[in-house]
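# Geometric and topological summary
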Amino acid sequence: MAVMVDAEGGSAPPAPQGIGKVNAVLVERAVDALVKWCAAQKQKEKAQLLEDDQLLYVVVGMKKVPDKGRTNPYVLELPHPLYQPDGNHEVCLIISDREHAKQKLDKQMAKARIEKEGLKISKVIPLSKLKTDYFAHEAKRKLCGSYDTFLADDRILGELPKLLGKTFFKKKKHPIPVNLTRAQWTGQISAALNSTYLYMSGGTCSAVKVARMSQARDEIVQNVNAVIEGIAQQIPKKWANVRSFFLKTLDSVSLPLYQSLPDMPLKIELPGLSQPEDKKSLKFSKKDKKMKAKPVEDDKVDADMSLDNDAEDKMDVIEEAAVAEKPKKRKQSAVGGKRKVPRKAAVVTGA
């Protein structure tokens, strides 16, 4: 069972068909609210502290953490790419220059292919150079901060986590795999740059880049809807594992788009209502856990009660007889016996 919460409070109207479980009206309201908030922040005195082109994030909350860890991110296609191919977005390509590879590739050959196809690649780093020139931690940290996106040959993807270090994975700059064995690279690199990525950090919440504030309002809305549907189809158990969706910028509050209620019904006990007794739960004590209450026939109960009454009557007669005999013994001892006088007292009286 799921419920959708309005950004302004109260319940949301039913979602239009074809949008999924998230209400398209709520998405539009949330986008409008964030655009208005960012515009108001720019008019303040400290607006220079904010970025001119802020990113919007879709935050997904899952019910359970995935059992299997995943290093590579999930690829989510965007109708409108985050970065335009104008050269402002710095891209670094890591290639495989192994000597025994089926298709040998070096730095000069890669640069020639990039120039021929007109690709916007700022830097090309061979695998051999990555092992030698970027061995130190400081060199890896500078490399991570120098470029916005990293692409890598999918044949060497398994070796990169050890060579790049933890800095790349903490800043969510995992190298995106591309197939460089094909005749053309344009389709592979364009698809990688026109997508966003869902990183599973080992917890129940993850944030995904979805749009930029400089984009048109309709483009932002379409990107948000596409990312939400893509996340729900990519994560394990799909919609059954989705707990919530939120939309936010880096500094704004999170606006709710979707909230799932618990599947188990809640049991509420009201005072004054008779509850059915569970016969299986009747037990004598904690020590006698194995002994359970058993039904007893009426005739047997009457017989046991009559036996108990007879035993009580006999005990009463015995107690009365014992009480009556005690004073008789005392009288006999007082009459038949003689009073003893101390020897000293007898001498005094005789004198």
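Here the residue numbering is sequential within each chain, running from 1 through the sequence in written order. At least 70 in pLDDT is required for a residue's local features to be given in this predicted model, at least 80 for side-chain atom pairs to be given and counted, and no such filter applies to totals for whole chains, interfaces and linings, which use all residues. Side-chain measures here rest on the full set of heavy atoms in the structure, leaving out hydrogens and waters.

### Regarding the overall build of the protein
Each helix corresponds to a stretch of at least 4 residues labelled H or I by DSSP, and each strand to a stretch of at least 2 residues labelled E; elements are numbered beginning at the N terminus. When you go through the protein residue by residue, the secondary structure sums to 10 helices and 11 strands. Three exposure classes are used, based on accessible area relative to the maximum for each residue type with a 1.4 Å probe and protein chains only: buried under 20%, partly exposed in between, and exposed over 50%. The buried share of the protein, reckoned over its 351 residues, is 32%. Look at the contacts in the protein between residues 6 or more apart in sequence, and 71% of them connect residues 24 or more apart. With residues, only the protein chains shown are counted as cover, and all accessible areas are computed by Shrake-Rupley using a 1.4 Å probe. Of the roughly 24,500 Å² of accessible surface on the protein, a fraction of 54% belongs to carbon and sulfur atoms. Contact definition: two residues touch when any of their heavy atoms are within 4.5 Å.

### Some details on the side chain of asparagine 179
Topologically, asparagine 179 is positioned in the loop between strand S7 (176–178) and helix H7 (186–193). At 2.5 Å, the side chain of asparagine 179 forms a polar contact with the side chain of threonine 181. Contact partners of asparagine 179, with chain neighbours within four places excluded, come to Asp154, Trp185 and Gln188. Distance and chemistry together define a polar contact, namely a pair of N or O atoms within 3.5 Å, with one atom able to donate a hydrogen and the other to accept it when in protein, and with adjacent residues in sequence counting only for side-chain atoms on both sides.

### Quick notes on the confidence of the model for the protein
What pLDDT expresses is the predictor's confidence in each residue, scored from 0 to 100. For the protein, per-residue confidence averages 75 on the pLDDT scale, and residues scoring 70 or more make up 64% of the total. Below a pLDDT of 50 lies the segment residues 279–284, which in the model reaches 7 contacts outside its immediate sequence neighbourhood of four places, other chains included. Low confidence marks residues 328–337, where pLDDT is under 50. Its contacts with residues over four positions away, or in another chain, come to 0 contacts.

### Side note on the environment of leucine 261
Residue position: leucine 261 is located in the loop between strand S11 (255–260) and helix H9 (298–336). For leucine 261, a relative accessible area of 31% corresponds to the partly exposed category.

### Thoughts on the pairing of S11
Pairing of strand S10 (residues 242–248) with S11 involves 4 bridges; the strand directions are antiparallel. Directly across from phenylalanine 245, in S11, lies its bridge partner tyrosine 258. Paired strands, in this sense, are two strands between which DSSP finds at least two bridges.

### A closer look at the nonpolar core
The definition of a nonpolar core used throughout is a set of buried Ala, Val, Leu, Ile, Met, Phe, Trp, Tyr and Cys residues joined through side-chain atoms within 4.5 Å. Counting residues in each nonpolar core, the largest one holds 36 residues, and the members touching the most others are Val58, Leu198, Val224, Ile231, Phe245, Leu247 and Leu257. Elements with a minimum of two residues in this core: helix H1 (24–42), strand S2 (55–62), strand S3 (74–77), strand S9 (205–212), helix H8 (217–234), S10 and S11. For this core, the element with the most residues is H8, which contributes 7 residues. Apart from the residues within four sequence positions on either side, isoleucine 231 is in contact with Val58, Val60, Leu76, Leu198, Val208 and Phe245. Counting 18 residues, the second-largest nonpolar core is a separate cluster that includes Val91, Leu105, Ala110 and Tyr199.

### Brief notes about the packing of H1 against H8
For any two helices packed against each other, one specifies the inter-axial angle together with the distance between the axes. Remark: H1 packs on H8, axes separated minimally by 10 Å, with the N-to-C direction vectors making an angle of 130°. Taken as axis vectors, H1 and H8 run oblique relative to one another. For the element pair H1 and H8, the recorded crossing hand is right-handed. Residues Val27, Glu28, Val31 and Asp32 of H1 form the contact with H8, whose own contacting residues are Arg217, Ile220, Val221, Val224 and Asn225. Structural elements are reduced to axes, namely lines fitted to C-alpha atoms, with helices fitted over the stretch in contact, and the angle between N-to-C directions of any two is expressed from 0 to 180 degrees. By the definition adopted for this analysis, an angle is roughly parallel if under 35 degrees, roughly antiparallel if over 145, roughly perpendicular if from 65 to 115, and oblique otherwise. Helix crossings get a hand from a simple test, with the near helix turned counterclockwise from the far one by less than a right angle marking a left-handed crossing and a clockwise turn marking a right-handed one.

### A short note on the environment of alanine 39
Turning to its location among the elements, alanine 39 is positioned in helix H1. For alanine 39, a relative accessible area of 39% puts it in the partly exposed group.

### A few points about helix H4 (residues 137–146)
For H4, every residue scored as buried is listed here: Lys140, Leu143 and Cys144. Projected down its long axis, H4 carries its buried residues within an arc of 100°, all on one side. For H4, exposure combined with an orientation more than 90 degrees from the buried face picks out Lys142 and Gly145. Buried residues along H4 sit against strand S5 (123–126), helix H3 (127–133), strand S6 (149–153), helix H5 (160–164) and helix H6 (166–170). In this context, the arc is that of the directions from the helix axis out to the C-beta atoms.

### Here we look at the sheet that holds S5
The 4 strands are arranged S5-S4-S6-S7 in an open sheet whose pairing can be described as parallel. Strands at the two margins of the open sheet, each flanked by one partner only, are S5 and S7. Direction aside, the axes of adjacent strands within the sheet are offset by 25° on average.

### Some remarks on the pairing of S3
Burial along S3 is one-sided: Tyr74 and Leu76 are buried, and none of Val75 and Glu77, which face the opposite way, are. Here 4 bridges tie S3 to strand S8 (residues 195–198), and the two strands are oriented antiparallel to one another. Counted as the bridge partner of valine 75 is tyrosine 197 from S8.

### Focus: the packing of aromatic side chains
Ring geometry is summarised as follows: Phe, Tyr and Trp rings, the Trp one being its six-membered ring, pair when their centres sit within 6.5 Å, and such pairs are stacked at plane angles under 30 degrees, edge-to-face over 60 and tilted between the two. Inspection of the entire model under this criterion finds 5 aromatic pairs. For the ring pair phenylalanine 150 and phenylalanine 168, a centre distance of 5.0 Å and an interplane angle of 70° mean the geometry is edge-to-face. Of this pair, phenylalanine 150 sits in strand S6 while phenylalanine 168 sits in helix H6, and the two are 18 residues apart along the sequence. Across the pair, phenylalanine 168 and phenylalanine 150 agree in class, each one buried. Centroid distance tryptophan 239 to tyrosine 258: 5.4 Å. Interplanar angle 70°. Geometry classified as edge-to-face. Taken together, the residues span a long stretch of sequence, with tryptophan 239 in the loop between H8 and S10 and tyrosine 258 in strand S11 at a distance of 19 residues. Residue tryptophan 239 shares its accessibility class with tyrosine 258, and that shared class is buried. Taken together, Tyr147, Phe150 and Phe168 form an aromatic cluster joined through their ring pairs. Only when the NZ atom of a Lys or the CZ atom of an Arg is both within 6 Å of the ring centre and within 35 degrees of the ring normal do we say a charge sits over the ring. Positioned above the aromatic ring of tryptophan 185 is the side chain of arginine 113, whose terminal nitrogen or guanidinium carbon lies 4.9 Å from the ring centre.

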